[in-house]
Amino acid sequence: MEPLFGDDVLPRPAVALPEGAHHVPGFLSLEQQRWIVERFDEWAAGPVPLHSTVIGTHSMSVRTVCLGWHWHAGGYSREAVDVNGRRVLEVPGWVVRLGRAALDAVGDPHAGRYTPDAVLANLYDAQAHMGLHQDRDEQSLAPVVSLSIGDACRFRIGTPQTRARPHWDLELRSGDLFVFGGPSRLAFHGVRSVLPGTAPQGCGLSGHRLNLTLRMTGLSD
Ligand SMILES: O=C(O)CCC(=O)C(=O)O
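Not measured: the values here are computed from a predicted model. All residue numbers refer to positions counted from 1 along the written sequence of the respective chain. It should be noted that, the model being predicted, local features are given only for residues of pLDDT at least 70 and side-chain atom pairs only at 80 or more, the latter also being counted only at that level, while totals for whole chains, interfaces and linings use all residues.

**Notes on the site of the ligand**
Link 1 in the chain: With respect to spatial proximity, the complete set of residues near the ligand consists of Leu 120, Asn 122, Met 130, Asp 135, Ser 146, Ser 148, Phe 155, Leu 172, His 189, Val 191, Asn 211 and Thr 213.
Link 2 in the chain: Broken down by secondary-structure element, the contributors of at least two residues to the shell around the ligand are strand 7 (118-124), strand 9 (144-150), strand 13 (189-195) and strand 14 (209-215).
Link 3 in the chain: In this classification, Asp, Glu, Lys and Arg are treated as charged, Ala, Val, Leu, Ile, Met, Phe, Trp, Tyr, Cys and Pro as nonpolar, and every other residue, Gly included, as polar. Across the shell around the ligand, the residue classes break down as 5 nonpolar, 6 polar and 1 charged. By definition, a residue lies near a molecule or strand provided its backbone-derived C-beta atom is within 6 Å of it. Per the convention used, a helix needs a DSSP run of H or I reaching at least four residues, while a strand needs a run of E reaching at least two, with both numbered from the N terminus.

Written out as structure tokens, the structure reads:
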């Protein structure tokens, strides 16, 4: 008989993070993860398809679809100027509610006013990664909320000043929440590798990792 209390009930060792960065393991239930994966499949069906963003001459290894505002090498626009020129889908109300619940979970006193107007949904295959970078195309310094589903990854966060040390390394697993706020809002961060075969059964995804980042751009039309 499969034990109900397997290794997965053991707490993961907590990594002490820099101020403003928060990791909440298991924030999303498996049912919520599956539901989000279904919504992601709808977003990826268009009007703007899943695509690899090109930065200079480099095509990113993750494939992305955006809501609200389309992110590209030049910043944000309403239309996917580097893909097919179509306007991206609106940010649905449930995403705003989820963003508020996420900030509430980390004790952010402004959670109730958080109104993300952009979502970047990134799909990683086993080889995909994301180099250390800052999320600085937004004019707002409101926190970035990050949700992970599917295969786990080795994630690194540093400081806003430099790509060099200090670094904090942790695993982001299916259902985990990560928040970049306060002094860590502009911290360098990246995904060093995906850990293939680690997606839990029932999360709606296998062989891939999905990450959603919810952002307030501070932009207006
Ligand atoms: O996939 C992740 O966990 C991080 C994604 C990220 O860094 C980004 O979208 O800027």
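**A closer look at the nonpolar core**
One recurring pattern in soluble globular proteins is that nonpolar side chains are buried together.
Link 1 in the chain: Under the definition applied here, buried Ala, Val, Leu, Ile, Met, Phe, Trp, Tyr and Cys residues are grouped into a nonpolar core through C-beta atoms within 7 Å. Exposed residues have 12 or fewer other C-beta atoms within 10 Å of their own C-beta, buried residues have 20 or more, and residues in between are partly exposed; the C-beta atoms are placed from the backbone. Ranked by internal contacts, the top residues of the largest apolar core, which has 54 residues, are Cys 66, Ala 118, Val 119, Ala 121 and Val 179.
Link 2 in the chain: Ranked by the residues each element gives to this core, the list is headed by strand 7, at 5 residues.
Link 3 in the chain: Those residues in contact with Val 179 that lie beyond four places of it in its chain are Ala 21, His 22, Ala 102, Leu 103, Val 106, Pro 143 and Val 145. In this description, a residue-residue contact is defined by the distance between C-beta atoms placed from the backbone, which must lie within 7 Å.

**Remarks on the sheet that holds strand 8 (residues 130-133)**
Link 1 in the chain: Paired strands, as defined in this entry, are two strands with at least two bridges between them according to DSSP. Spatial ordering of the open sheet is given by 8-13-10-11, a layout of 4 strands whose pairing is antiparallel. Both edges of this open sheet fall to strand 8 and strand 11 (168-172), since each of them pairs with a single strand only. The average undirected angle you get between the axes of adjacent strands in this sheet is 20 degrees.
Link 2 in the chain: Alignment of strand 8 against strand 13, held across 2 bridges, turns out to be antiparallel. Pairing of His 133 across the sheet is with His 189, part of strand 13. In this analysis an axis means a line fitted to C-alpha atoms, helices contributing only their contacting stretch, and an angle means the value between N-to-C directions, from 0 to 180 degrees.

**A short note on the sheet that holds strand 4 (residues 63-67)**
One key point about sheets: their strands pair by backbone hydrogen bonds, in either a parallel or an antiparallel sense.
Link 1 in the chain: The strand order across the open sheet built from 6 strands is 1-12-9-14-7-4, with neighbouring strands paired in antiparallel fashion. At either margin of the open sheet sits one strand with a lone partner, and together these are strand 1 (21-24) and strand 4. On average, each strand axis in the sheet is inclined to that of its neighbour by 15 degrees, with strand direction left out of account.
Link 2 in the chain: For strand 9 and strand 14, the ladder comprises 6 bridges, and the chain directions are antiparallel. Looking at strand 14, one finds that Val 145 is bridged to Leu 214.
Link 3 in the chain: Sheet strands in contact with helix 2 (residues 93-105) are strand 1, strand 7, strand 9, strand 12 (177-180) and strand 14, and its direction is about 80 degrees off that of strand 12.

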